[in-house]
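Architecture at a glance
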Amino acid sequence: MGDTLEFSDIFQEVKGCWNDGRLRFSKQTVVYKSNKTGKVDSIPVPDLSLAQWRRVCLGHGIKLATSNGHIYKYDGFKDTDFEKISAFFKANYKVELTEKDMCVKGWNWGTAKFSGPLLSFDINDSPAFEIPLASVSQCATGKNEVTVEFHQNDDAEVSLMEVRFYVPPNAADDGTDPVEVFSQNVLSRADVIQATGDAVCIFKELQCLTPRGRYDIRIYPTFLHLHGKTFDYKIPYTTVLRLFLLPHKDQRQMFFVISLDPPIKQGQTRYHFLILLFSKDEDVNLTLNMSEEEVERRFEGKLNKNMSGSLYEMVSRVMKALVNRKITVPGNFQGHSGAQCITCSYKASSGLLYPLERGFIYVHKPPVHLRFEEISCVNFARGTTTTRSFDFEIETKQGNQYTFSSIEREEYGKLFDFVNAKKLSIKNRGLREVIKKDGYSDSDEDEHDAYLERMKEEGKIREEGDDDSEGDESGEFDSNASVSDSEAEDGDSEDEGKKKKPEKKPKKAPKEKKEKKERKPRREKKVKDAGAPKRPMSAYMLWLNASRERIRSENPGISITEISKKAGEMWKQIDKSSKEVCHCLHTLSTQNGPKFTLPYVGVFLQLRHFWHTLPANKQFKSKYSK
C-alpha cells in the first residue's frame, strides 16, 4: 500500500448544501479541499481520536473526531472503499476505523446528547440524526419546549428553518430547570453573535466600497462588527475565507478585500466580499484594549499593545492575527504602465484586474475572484468597438464565463506571457513560430496566438487599401494621361462626386415676387354609361376559358392558383398558328362586340382555313364552332 490514499468527488455538508472536493489520507495529515470555495481542512494524524464508517444518504461516509473537540464528516464513499481505508488506518494510524449503524426506526422519542460541537439524538444508543451546533443561529425556550433556529444557506434548494424539542419536566426536584439546561448547552456551542464585553480595538469612519458607505469597525475576539448610519453587520471570523491587500493603480490608495462565505445580507442583496479603501498617507496610533500579558499570550508576538503606522497596515495586521489567515498580495506581474493591475471593464462598470500567483481578482463592482484550479481555459478576443483594445475571457470548469473588456492593446503581451507562464489553457493559441516584436506584443518569446496574427493581417489589408486609394488619386491629377476629353470629364465627375466635397453654390439674387398663376379649372369626372358594352376578352383569356375544364380533369385536386400556373406553361408551348386563331377571335370581338357576327365572307374563309390547320382539340372546337 502506498503512502497516500486519495478520493475524488467526496462531499461535505455545509449548512444544508453539499460541496464536492478531494480527500487525501497521508501518514501525517488528513486533508480535504473544497472545489467550490478552495477551503482546506487539515487534520493532523496525532490529533485523531475517533473514526467511524457509517451508511448515509450519499452512500457511505466517514466521521472523524479530534482530541481538541472538532468533528469532520465526509460522504460519498463506495461500499468497496471500506476495506482500503480500514487497512490504511491499521497500517498508519493509531485509531481504528469502526462501523456505526444509524437508527432508521423513525421514532421521535429519544435522548439528546451533547458531544463537543454536535447535538446527537439517539434512540437505543444508535444516532437518529445529528445537529452541528455551529449552524444554530438562535435558541428560544418555552414551557417544556426548546426551539432551535438555523443559519440559512442561499445555495441550498431546501433549508431547515427550525427544530423544536419537547423536554419533559425533571422527576427529581433538585431545583434545576431541564429546559434552561438544554438551552445553555446549545448556546455554549452555537454560532450566536452577542456583543458582550469591550472590543479589542475600534477604527472610526472607514470608507467601504462594498457595501457602500462609511462604517465604524469594532473588532471583537470572535467577530467583526460594522456599524454604519443605516445598516449594521456582524461577521464571524469563521466565515472569512481569504484576505487580500491590493495597491491601486494610482499608487496612492490601497484596497483591503475580505472574502466571505456565507456572504453578508442586505435585503435581497448578498455581499461575498467586503472591500475597504485606504489612503497611503493616512496614519494612525492604535492601542489594544487588552493587557500586555494577554496580548502576548493570545497573539504570540503578532500584535503589540501599542502600535503605529499606516491605517491600512494596522487594519490588515489586526485582521490577520485574529482571523489567522494569510494575506494575499499581487505577485511578480507588471503591466505596460508598471502597475500590478490592468484597467478593464466587467459588465457595465470599470475596474481593476489583478493577476495573482494563484488566480485573478477583479475589484470592485462586482468583485470577482477566480482561482487557477477552477479555470478551464482563457481566450483573447477582439474588442467589440475598436481595435485599440481587446477582451480577456475566462471560462470556468462549471461552465461560467467572465469577460473583461476594453483592455488596452499594449497590455496584451504582458498578460499573454503571464497566462502562458501559469500554464493555463489558451483557447485561441496559434502554432509556434518565431516572430519579431511589434506594437501588439512586448514579449520576446517565440509563441503567439491566432488573435495576434489576425490583427496583423487586417493591418496589412488596411495599409494596402490606403495605397490603392492614393494611387487612384495620383492618376486622377496626372496631366500626361492619354485619355480623351470626354472620358476625363466623366472620370472627373465620378471622382468628384465620391471624394471631393461639393462646391457651395453661389447665392442667387433675390427674385421678384412671381405673379400668381391662374388656376386651371378642374376636369369634370366622366360618368360611366351603364349600358355600354363590356371590354372584350384577350386571346389568352379566350383560350383559358376553353381549356380550364380540360386542365382540371387532367390534374384532379389542383387548386385555382395552380391552374393559372399550369395554363401559363401550356400557353407558352402552343404553336403560332393556334395563337393566331385566338388573336383573330379577339380582333373580331373587339370590332363587333362580344356577340359578334361574321358579315365578311373573306374573313370567315380565312378563319376557316386556320380552323382546319389547328391540332385536334375537341373542347376548344366545340366551344367556338358556331
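Residues numbered from 1 in each chain as written. Predicted model: local features only at pLDDT ≥ 70, side-chain atom pairs only at ≥ 80, totals over all residues. Heavy atoms only, no water.

**A few points about the sheet that holds strand 19 (residues 240-247)**
Rules: Whether two strands pair depends on DSSP finding at least two bridges between them. Numbering of helices and strands runs from the N terminus; a helix is a DSSP stretch of H or I covering at least four residues, while a strand is a stretch of E covering at least two.
Within the open sheet, the eight strands sit side by side as 18-17-16-15-21-20-19-24. Their pairing is mixed. Looking at strand neighbours, the two that pair on one side only are strand 18 (232-236) and strand 24 (327-328), the edges of this open sheet. Strand direction decides the pairing type here: strand 15 (residues 201-210) and strand 21 (residues 269-279), joined by three bridges, are antiparallel. Looking across to strand 21, one finds that Cys208 is bridged to Leu276.

**Side note on the sheet that holds strand 11 (residues 126-132)**
Counted only if it meets this: A fitted line through C-alpha atoms serves as each axis, taken over the contacting stretch for helices, and the angle formed by two N-to-C directions is quoted from 0 to 180°.
Strand order in this open sheet of three strands is 9-10-11, and the pairing throughout is antiparallel. Two strands close off the open sheet at either side, each with one partner strand: strand 9 (111-115) and strand 11. Each neighbouring strand pair of the sheet contributes to a mean axis angle of 25°, computed without reference to strand direction. For strand 9 and strand 10 (residues 118-123), the ladder comprises five bridges, and the chain directions are antiparallel. Across the sheet, the residue bridging to Lys113 is Ser120, located in strand 10.

**Some remarks on helix 5 (residues 412-421)**
Heads up, the condition is: Residue exposure (1.4 Å probe, protein chains only): buried if accessible area is under 20% of the type maximum, exposed if over 50%, otherwise partly exposed.
Here helix 5 lies mainly inside the structure; eight of its 10 residues are buried. The complete set of buried residues in helix 5 reads Tyr412, Gly413, Leu415, Phe416, Asp417, Phe418, Val419 and Asn420. Residue Lys423 follows helix 5 closely and has a positive phi angle near 60°.

**Quick word on the side chain of Thr66**
Applicable threshold: Note on definitions: a residue-residue contact is assigned when non-hydrogen atoms from the two residues lie within 4.5 Å.
Assignment of secondary structure puts Thr66 in strand 6 (residues 59-66). Once you skip the residues sitting within four places of it in the chain, Thr66 turns out to touch Ile43, Asp47, Leu48, Ser49 and Tyr72.

**Some remarks on the packing of aromatic side chains**
We count it as follows: Stacked, tilted and edge-to-face are the three classes assigned to paired rings of Phe, Tyr and Trp, where Trp is represented by its six-membered ring and a pair needs centres within 6.5 Å; plane angles under 30 degrees give stacked, over 60 edge-to-face, the rest tilted. Throughout this description, the term charge over a ring refers to an Arg CZ or Lys NZ atom that lies within 6 Å of the ring centre and within 35 degrees of the ring normal.
Under the definition given, this model contains 30 aromatic pairs. Geometrically, the ring pair formed by Trp53 and Phe82 is tilted, given 5.3 Å between the ring centres and 55° between the ring planes. With Trp53 in strand 5 (residues 48-56) and Phe82 in helix 1 (residues 81-92), this residue pair connects regions lying 29 residues apart in the sequence. A relative accessible area of 17% means that Phe82 is categorised as buried. Judged by centre distance (5.4 Å) and plane angle (45°), the ring pair of Phe165 and Phe182 falls under tilted. In this pair, Phe165 sits in strand 14 (residues 162-166) while Phe182 sits in helix 2 (residues 178-189), placing the two residues 17 residues apart along the sequence. The two residues Phe165 and Phe182 agree in class, both being buried. Aromatic ring contacts, followed pair by pair, group Phe333, Phe360, Phe372, Phe380, Phe390, Phe392, Tyr412, Phe416 and Phe418 into a single cluster. Note that Lys105 overlies the ring of Trp107, its terminal NZ or CZ placed 4.6 Å from the centroid.

**Here we look at the nonpolar core**
The following threshold applies: By convention a nonpolar core is built from buried Ala, Val, Leu, Ile, Met, Phe, Trp, Tyr and Cys residues, the set being connected through side-chain atoms within 4.5 Å.
Counting residues in each nonpolar core, the largest one holds 41 residues, and the members touching the most others are Phe203, Ile219, Leu224, Phe256, Ile258, Val315 and Met319. It is helix 4 (residues 311-323) that provides the largest number of residues to this core, a total of nine residues. Not counting the four nearest positions on each side in its chain, Ile258 is found in contact with Leu224, Val240, Arg242, Leu243, His272, Phe273, Leu274 and Met319. Of all hydrophobic cores here, the second largest spans 26 residues; its members include Tyr346, Val368, Ile375 and Leu415.

**Describing the packing of helix 8 (residues 539-554) against helix 9 (residues 560-573)**
Put simply, the test is: For any pair of crossing helices, the crossing counts as left-handed if the nearer helix is rotated counterclockwise from the farther one by less than a right angle, and right-handed if it is rotated clockwise. Note that Gly is not counted as nonpolar here; it falls among the polar residues with everything else outside the nonpolar set of Ala, Val, Leu, Ile, Met, Phe, Trp, Tyr, Cys and Pro and the charged set of Asp, Glu, Lys and Arg.
Following both chains from N to C, one finds helix 8 and helix 9 inclined at 115°, their axes separated by 10 Å at the closest point. Crossing geometry of helix 8 relative to helix 9 is assigned as right-handed. Counted together, Ala539, Tyr540, Trp543, Leu544, Arg548, Arg550, Ile551 and Arg552 of helix 8 and Ile563, Ser564, Lys566, Ala567, Gly568, Met570 and Trp571 of helix 9 form the full contact between these two elements. Residue composition of the contact of helix 8 with helix 9, grouped by class: nine nonpolar, two polar and four charged.

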